[in-house]
Amino acid sequence: MEPTTWDRVLREGRDLYTPNRGPPGDRVYGETLRTAQGVEYRQWDPFRSKLAALLLKGAPPDILGRPRTVLYLGAAHGTTASHLSDLWPEATIFAIEKSPTSFAPLLALARHRPGLVPILADAQLPERYQADVGPVDLLYQDVAQRNQAGIFTENARACLVPGGRGILMLKVRSVTQQRPTAAVVREARAALTAARLKVTFETALTPFSREHVALALVA
């Protein structure tokens, strides 16, 4: 395994790895474990984590920075959140999830990962958790709602610090089933720009996900 341009991420061939911050031998979603120089690493599956797919699609080295506080919208079972906690053991990651079914395994994951803070809430209502979260350096969103750009901008206004970074995983088919992908992305970019968020990188996540386009932003 070799270092990459992304801090604490290693690579072997096409496969990415992060240092395992959980108990030795701990797997979150059945991923492969590897040991190198006495450190255990977890394979970061781009077919299960859209952030891993984004990195493999050529994301720049500074796309994530080194945040101290993260707001993760749509954390689900915690697949990607677990890798973020591997990368930034000193950070606090507020993981918002609306579904009680998905929240249960997310809560169990947090028991083994200090700094991962699950919150059962609706990402469309940031006023309900803004006081608990406070200002954040990174806003990451992966929610399957029609108004994804609007949800992102509202949470950015509520929590993202000036100069903070953002990642929006835009699920096109959750916005519309009829209109072309390019039109949906163009409208999302316009909404983000109107909210004074600058898009710094954009890529479709094919072949890892055929429905998603990733947008990286700076406030």
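Residues numbered from 1 in each chain as written. Predicted model: local features only at pLDDT ≥ 70, side-chain atom pairs only at ≥ 80, totals over all residues. Heavy atoms only, no water.

**A closer look at the sheet that holds strand β12 (residues 212–218)**
Taken in spatial order, the 7 strands of this open sheet run β8-β7-β6-β9-β10-β12-β11, and their pairing is mixed. Only two strands of the sheet have a single partner each, and these edge strands are β8 (116–120) and β11 (198–204). Across this sheet, the average inter-strand angle for adjacent strands is 15 degrees, counted without regard to direction. Two strands pair when backbone bridges link them, and strand β6 (residues 69–73) and strand β9 (residues 136–141) are joined in this way by 4 bridges, in the parallel orientation. Looking across to β9, one finds that Y72 is bridged to Y140. The strands touched by helix α5 (residues 148–159) within the sheet are β6, β9, β10 (160–171) and β12, with β10 carrying the most contacts at an inclination of about 160 degrees. Across the sheet, helix α7 (residues 181–194) is in contact with β10, β11 and β12; its angle to β12 comes to roughly 20 degrees. (Pairing = 2+ DSSP bridges. Helix = DSSP H or I, 4+ residues; strand = E, 2+ residues; numbered from the N terminus. Axes fitted to C-alpha atoms, helices over the stretch in contact; angles between N-to-C directions. Contact = heavy atoms within 4.5 Å.)

**A closer look at α7**
End to end, α7 covers 20 Å across 14 residues, agreeing with the expected 20 Å (1.5 Å per residue, within 8%). All buried positions along α7 are accounted for by A183, V184, V185, A188 and L192. Phi turns positive, to about 65 degrees, at R196, one or two residues after α7. (Expected span 1.5 Å × (residues − 1). Buried < 20%, exposed > 50% of the residue type's maximum accessible area, 1.4 Å probe, protein only.)

**A few points about the pattern of salt bridges**
All chains considered together, the criterion is met by 12 salt bridges. R66 is paired through a salt bridge with E90; the nearest N and O atoms lie 3.9 Å apart. With R66 in the loop between α1 (50–56) and β6 and E90 in the loop between α2 (79–87) and β7 (92–97), this pair connects stretches of sequence that are 24 residues apart. Its relative accessible area of 31% is what places E90 among the partly exposed residues. Measuring nitrogen to oxygen at the nearest pair gives 2.5 Å for the salt bridge that ties R157 to E154. One end of the pair is R157 and the other is E154, both in helix α5 and 3 residues apart, which spans about a single turn. What makes R157 exposed here is its relative accessible area of 54%. Judged by relative accessible area, E154 falls into the partly exposed class, the value being 41%. A cluster of three or more residues bridged by salt bridges with shared partners is formed by D7, R8, R66 and E90. (Salt bridge = Lys/Arg side-chain N within 4 Å of Asp/Glu carboxyl O.)

**Focus: the sheet that holds strand β3 (residues 15–19)**
Strand pairs in the sheet, formed through backbone hydrogen bonds, run parallel or antiparallel to each other. What the 5 strands build is an open sheet, ordered β1-β2-β3-β5-β4; its pairing is antiparallel. Each edge of the sheet is formed by a strand with only one pairing partner; in this case those strands are β1 (2–3) and β4 (33–36). Where β1 meets strand β2 (residues 10–12), 2 bridges bridge the pair, whose relative direction is antiparallel. Its bridge partner being in β2, E2 is matched across the sheet by R11. Of the strands in this sheet, β3 and β5 (39–44) are in contact with α2, which crosses β5 at around 145 degrees.

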